[in-house]
Amino acid sequence: METSELIKKVRQIEIKSRGLSANVFAGSYKTAFKGHGMSFAEVREYQYGDDIRDIDWNVTARQNKAHIKVFEEERELTIMLLIDVSGSREFGTRTQTKQEQITQIAATLAFSSISNNDKVGVVFFSDRIERYIPPQKGKKHVLAIIAEMLQFEPVQRGTDLKKAIQYVSNAQKKRCTTFLISDFCDASDYQQSLTIASTKHDLVAIQVYDQRECELPDVGLMRVRDAETGAEQWVDTSSRRVRDAYAQWWQQMQQKMQQAFLHSKVDSISVSADEDFVPKLLTLFKKRV
């Protein structure tokens, strides 16, 4: 992608994402993702109803009046975006690809983060960890992340959710909020890693899929290629047995994913590549209040 085209696309995503984060998600984001501790704010006179356990006895003795310590929530969070960059992200049959939808969702979350003075970092993964961008604050940092999402070319094309989840769990020593954004087309067992990570961090899953992945269309003999392995084969989509077998495979993948989320107590949403993701994201935020 040429520099001028990249700048134009980054700008387009910035305008849309900043608008959404400022006007739509501002209050919902802050309410849904709270701080992970309390810090001392001030000392004031004791008032009826205050907890006597908060009395500051040193100040009380000096002033000869009861005073209490006031604490406030430590609001600053670290947000990690764990983004699937495997070959299957390039798939899209309607208005845009899964990659484009993932980029818009991630950008909106990133701008919501910095507007609340949170740090945001990124892990790009395929069947290996492709790149780690440490958490930082600021608009310049977010714009660099968006540019990277638009032009990043992974070394590998497979998917290994287990490896990605384990990496972010180990890389972030302090508790953080992690958005795992993927199509979750991974045959391996990632449930245990998800469970371990969710006990250490606040983990949220966002599945991005394409409508055509749910079922095969009846269009006769069709040549298909696996976006991750590169394997090609002819498929007779006019066969009811073939279409049913594919639909069953998709349902099994979805059931496996939902069971993993349920067992791990991970909040999640599923968004198709061509739909407006805003209502789904708002629903996710409200569910966490």
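Right above here is the structure, for reference.
Residues numbered from 1 in each chain as written. Predicted model: local features only at pLDDT ≥ 70, side-chain atom pairs only at ≥ 80, totals over all residues. Heavy atoms only, no water.

Visitor: For this particular structure, what's the right way to read the packing of helix H6 (residues 161–171) against helix H7 (residues 191–200)?
Guide: When two helices pack together, their arrangement is given by the angle between the helix axes and by the axis-to-axis distance. H7 packs onto H6 with a crossing angle of 20 degrees between their chain directions and a minimal axis gap of 9 Å. One element, H6, and the other, H7, form an angle in the roughly parallel class. The two elements H6 and H7 meet at a crossing, and its hand is left-handed. In this structure, H6 contributes Lys 162, Ile 165, Gln 166, Ser 169 and Asn 170 to the contact, and H7 contributes Ser 193, Leu 194, Ala 197 and Lys 200. Here the residues of the contact of H6 with H7 are counted per class, giving three nonpolar, four polar and two charged. (Axes fitted to C-alpha atoms, helices over the stretch in contact; angles between N-to-C directions. Helix = DSSP H or I, 4+ residues; strand = E, 2+ residues; numbered from the N terminus. Parallel < 35°, antiparallel > 145°, perpendicular 65-115°, else oblique. Left-handed = near helix turned anticlockwise from the far one by under 90°. Contact = heavy atoms within 4.5 Å. Nonpolar A, V, L, I, M, F, W, Y, C, P; charged D, E, K, R; others polar.)

Visitor: Explain empty space enclosed by the protein to me, please; I cannot follow it from the model alone.
Guide: The probe, sized like a water molecule, is rolled over the atoms to show the empty space still left. As enumerated under the stated definition, the model contains one cavity of 30 Å³ or more in all. The calculated volume of the largest cavity comes to roughly 50 Å³. Mapped onto the lining of the largest cavity, the elements with two or more residues apiece are strand S3 (78–84) and helix H4 (98–115). Here the lining of the largest cavity takes three residues from H4, the largest share from any one element. Here the lining of the largest cavity is built from residues that sort into five nonpolar, two polar and two charged. (1 Å grid on protein atoms, 1.4 Å probe; cavity = no way out; pocket = protein on both sides within 12 Å on 5 of 7 lines; lining within 4 Å. Points joined across faces, edges and corners; volume = space filled by probe spheres on them.)

Visitor: What's the story with unusual backbone geometry in this structure? I'm lost.
Guide: For residues besides glycine, phi is generally negative; the peptide bonds are generally trans as well. Of note, Asn 117 is a non-glycine position whose phi angle comes to about 65 degrees, a positive value. Checked against the element boundaries, Asn 117 lands in the loop between H4 and strand S4 (119–125). Among the residues examined, Asn 117 registers a relative accessible area of 44% and is labelled partly exposed. At Lys 265, a position not held by glycine, the phi torsion is positive, near 60 degrees. Examined against the element boundaries, Lys 265 turns out to sit in the loop between helix H8 (240–264) and strand S10 (267–272). In this structure Lys 265 comes out as exposed when scored by relative accessible area, which is 77%. (Buried < 20%, exposed > 50% of the residue type's maximum accessible area, 1.4 Å probe, protein only.)

Visitor: Explain the pairing of strand S5 (residues 129–136) here, please?
Guide: Each regular strand shows side chains that alternate between the opposite faces of the sheet. Alignment of S4 against S5, held across five bridges, turns out to be antiparallel. The residue bridging Phe 124 from the neighbouring strand is Arg 131, located in S5. If you look at the hairpin formed by S4 and S5, you'll find three residues sitting between the two strands. (Pairing = 2+ DSSP bridges.)

Visitor: Where do I start with the side chain of His 201 in this structure?
Guide: Its location among the elements puts His 201 in the loop between H7 and strand S7 (202–209). Apart from residues lying up to four places away in sequence, His 201 is in contact with Val 168, Ser 169, Gln 172, Lys 174, Arg 175, Cys 176 and Thr 178.

Visitor: Can you walk me through the environment of Asp 118 in this structure?
Guide: Mapped onto the elements of the fold, Asp 118 is located in the loop between H4 and S4. Sequence separation between Asp 118 and Gly 138 is 20 residues; the distance between their C-alpha atoms is 8.8 Å. A polar contact is formed between the side chain of Asp 118 and the backbone nitrogen of Leu 77, at a distance of 2.9 Å. (Polar contact = N/O pair within 3.5 Å; in protein donor to acceptor, adjacent residues only side chain to side chain.)

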